[in-house]
Amino acid sequence: MSAVVIVGAQWGDEGKGKVVDLYTEHADMVVRYAGGPNAGHTLVVGSEKVVVRLLPSGILRPGTVNVLAQGMVIDAAVLVGEIDALGARGHQGVGERLRVSDRAHLILPYHIVVDTLRETSAREGKAIGTTKKGIGPAYEDKARRTGVRAGDLREPARLAARIEAALEAWAPTLRALGGEVPDARAILAEIAPLAARLVPLLCDASALVDAAVRGGQRVLFEGAQGTLLDLDHGTYPFVTSSSAVAGGAAIGAGIGPNRIDSVIGITKAYATRVGAGPFPTELTDADGQHLRDAGAEFGSVTGRPRRTGWLDLPALRYAARVNGIDGLALTKLDVLTGLRTLRVCVAYDTPSGRTRELPPELFDDPTSVRPVYEEHEGWQEELSGVKTLDDLPATARRYVRRLEEQAGVPIYLVSVGQERRQTVVLHNPFFGRAAAP
Ligand code: GDP
Ligand code: IMO
Ligand code: MG
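Residues numbered from 1 in each chain as written. Chains lettered and ligands numbered in written order. Predicted model: local features only at pLDDT ≥ 70, side-chain atom pairs only at ≥ 80, totals over all residues. Heavy atoms only, no water.

Quick look at the overall build of the protein now. The helix and strand inventory of the protein stands at 12 helices and 23 strands. If one aligns the C-alpha atoms of the protein with their principal axes, the spans along those axes are about 65 × 50 × 40 Å. Counting all 437 residues of the protein, 57% fall into the buried class. Across the protein, the fraction of contacts at a sequence separation of at least 24, relative to all contacts at a separation of at least 6, is 75%. When the accessible surface of the protein is totalled, it reaches about 17,400 Å², and 50% of it is carbon and sulfur. The protein carries 50 positive and 52 negative side-chain charges, and their two centres are separated by 1 Å. (Helix = DSSP H or I, 4+ residues; strand = E, 2+ residues; numbered from the N terminus. Buried < 20%, exposed > 50% of the residue type's maximum accessible area, 1.4 Å probe, protein only. Contact = heavy atoms within 4.5 Å. Areas by Shrake-Rupley, 256 points an atom, 1.4 Å probe, with all protein chains shown as cover. Lys, Arg positive; Asp, Glu negative; His and termini not counted. Charge placed at Lys NZ, Arg CZ, Asp CG, Glu CD.)

Attention now moves to the side chain of Thr64. Looking at where Thr64 falls in the secondary structure, it is placed in the loop between β4 (48-52) and β5 (65-68). We classify Thr64 as buried; its relative accessible area is 2%.

Bringing the pairing of β5 into the picture now. The sheet contact formed by strand β2 (residues 29-32) and β5 spans 4 bridges and is parallel. Opposite Val31, over in β5, you have Val67 as the bridge partner. Where β5 lies against strand β7 (residues 98-101), 3 bridges are found, and the strand directions are parallel. Paired with Asn66 across the two strands is Leu98, which belongs to β7. (Pairing = 2+ DSSP bridges.)

On to the site of ligand 2, then. Lining the immediate environment of ligand 2, one finds 21 residues, of which Asp13, Lys16, His41, Thr131 and Thr240 sit closest. One nitrogen or oxygen atom from the main chain of Gly129 is found 3.3 Å from an oxygen atom belonging to ligand 2. The separation between an oxygen atom of ligand 2 and a polar side-chain atom of Thr131 is 2.6 Å. Contact with the protein chains hides 98% of the accessible area of ligand 2, taken as 550 Å² for the molecule alone. For the shell around ligand 2, the class distribution of residues is 8 nonpolar, 10 polar and 3 charged. Taken domain by domain, the shell around ligand 2 gets at least three of its residues from each of domain 1 (3-95 + 204-425) and domain 2 (105-201). (Near = heavy atom within 4 Å. Polar contact = N/O pair within 3.5 Å; in protein donor to acceptor, adjacent residues only side chain to side chain. Nonpolar A, V, L, I, M, F, W, Y, C, P; charged D, E, K, R; others polar. Domains from an automatic or database assignment.)

What the rule picks out here adds up to 3 aromatic pairs. On the numbers, 5.1 Å between centres and 55° between planes, the contact of Trp11 with Phe279 is tilted. Of the two residues, Trp11 sits in the loop between β1 (3-8) and α1 (16-23) while Phe279 sits in the loop between β12 (271-273) and β13 (282-283), which places them 268 residues apart along the sequence. In terms of burial, Trp11 and Phe279 fall into one category: buried. (Phe/Tyr/Trp six-rings, centres within 6.5 Å; stacked < 30°, edge-to-face > 60°.)

Among the 18 residues in the neighbourhood of ligand 1, the closest are listed as Lys16, Gly17, Thr42, Asp334 and Ser415. Within the contact set of ligand 1, an oxygen atom lies 2.5 Å away from a side-chain nitrogen or oxygen of Thr42. In this structure, Ser300 approaches ligand 1 through a side-chain N or O atom, which is 2.8 Å from an oxygen atom. For ligand 1, the accessible surface in isolation is 590 Å², of which the surrounding protein chains cover 94%. Of all elements in the fold, only α1 and β3 (41-45) reach the threshold of two or more residues within the shell around ligand 1. Element by element, the count of residues in the shell around ligand 1 is highest for α1, at 3 residues.

The next thing to look at is the coordination of the magnesium ion (ligand 3). All of the protein donors around the magnesium ion (ligand 3) are Asp13 (OD) and Gly40 (O); their distances to the metal are 2.0 to 2.2 Å. Here Asp13, found in the loop between β1 and α1, pairs with Gly40, found in the loop between β2 and β3; they are 27 residues apart in sequence, far enough to count as distant. (Donors = N, O, S within 2.8 Å, 3.2 Å for Na, K, Ca; no water.)

Inspection of the secondary structure puts Leu153 in the loop between α4 (135-144) and α5 (156-176). Considering only alpha carbons, one finds Leu153 and Leu202, 49 residues apart in sequence, at a separation of 9.5 Å. For Leu153, the contacting residues outside a window of four places in its chain are Leu106, Leu159, Ile191, Ala195, Leu198 and Val199.

With respect to the helices and strands, the residue Asp210 is situated in helix α7 (residues 205-214). Looking at Asp210, the relative accessible area reads 18%, which means it is buried. Residues Asp210 and Thr388 lie 178 residues apart in sequence; the distance between their C-alpha atoms is 36 Å. Once you skip the residues sitting within four places of it in the chain, Asp210 turns out to touch Ile255 and Arg259.

One can read the domain layout of the protein as domain 1 (3-95 + 204-425) and domain 2 (105-201). Centre-to-centre, using C-alpha coordinates, domain 1 lies 28 Å away from domain 2. In this assembly, 30 residues from domain 1 lie in contact with 20 residues from domain 2. Buried area between domain 1 and domain 2, summed over both chains or domains, comes out near 2,000 Å², and the portion from carbon and sulfur atoms is 64%. Sorting the residues of domain 1 by area buried against domain 2 places Val73, Ile74 and Val80 first, and these three jointly supply 25% of that buried surface. Here domain 1 is connected to domain 2 by 1 salt bridge. The tally of links from domain 1 across to domain 2 stands at 8 residue pairs in polar contact (both at pLDDT 80 or more). Residue assignment for the side of domain 1 that touches domain 2 shows that the elements contributing at least two residues are β6 (73-74) and α2 (76-88). Looking at the side of domain 1 that touches domain 2, the element that brings in the most residues is α2, giving 6 residues. Across the side of domain 1 that touches domain 2, the residue classes tally to 15 nonpolar, 11 polar and 4 charged. (Buried area = accessible area lost by both parts, 1.4 Å probe. Salt bridge = Lys/Arg side-chain N within 4 Å of Asp/Glu carboxyl O.)

Here is the structure:
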């Protein structure tokens, strides 16, 4: 296995950062293929905790090439800030192991202004709860063909012309939202020092990644956000604006879909969502608070408290289908410790009867569907020292096995804490069963 996609199977924050960092021990290259600084992927190595936003989660492993591919939207100021922050913490050579697609689109200040004004002026119930990082407007520019790409940073005259054209296109929206149309010269002055830092990193990412895959190197494609936030397959319109699903890796990195060998879906042992939109298994009681407190469920980008709820198996089966998930990484099992009774949604009652699938009504009329729960006995033991599944209390083992059976795909990994060593690896995508060779 050479090319492996790691994708969020829920609403984001499943633990992609931890799992990518872990598997990167055996990878040559890590490629972020979608989204931008709306992502916050947490890496915990010993006593150090790093939250990466644009940088791929392989960045802490020397010897690994990290690629920001063309499916991403890149805020140059955030990226340079991340590189410098890691440097200041003593991580050497971050810039040297980083490559940026010259076709990735740039997030510019007006995207952030539009995103923010829309969110703050939205009518009751209409706000998406975005991260206000300019993601939606930057992808709108891309689709409208008024976007500015990283490669434009190489040519100041072309850059200026493209920014002026984009500003002209955004001017009516900005005015309607009560904002001001910024001055192109001010934007150019702000971006010039950032361009000097990014231009040396630019490359044809498609060619680079394709050569690595075809040369038999081990390449991890790191998803951002999650399946139910995907622009096509998520709970539209409460979604992000990119192709978060595994198929997005082929488009976003510029490789053929037949080059991908395996897809790993990541799911927490429960569910969370940050931002607005349907979340049928949401808990607003003491159990929900337990999950938020024990799981430290606060947004890694915005600090917002995450909504919490029980695991939704129809949603997981849906994620398995739309991503073609071969195996699951089950994270945050330790967070369930202390709950007397656990529930998992196994089906939905809908106006047309009971279904094991994610009902179509969920997308348009979520109040018309009701989750059907199965109850499981909980456990009180701490799990953070667990090394094998046999170390788990019997009730936890039964919970894991039941999820696997119901999800219809094997579990490749069980995570019981933030750190690398707090992981039971059952299957390594590069080597097959068990951990390393
Ligand atoms: P990502 O966006 O998918 O990379 O996930 P985030 O980093 O936004 O959120 C996941 C959080 O859970 C981070 O703080 C991780 O360090 C943490 N985490 C990951 N796996 C585990 C686990 O198994 N147990 C616990 N307690 N925390 C975990
Ligand atoms: P990672 O990669 C969780 C959510 C936002 C909002 C919606 C649209 O860390 O899992 P956007 O700013 O993208 O236009 O917001 O998507 N969202 C995320 N939620 N994790 C993320 O990323 C997210 N990225 C976006 O909260 O509901
Ligand atoms: Mg996150």
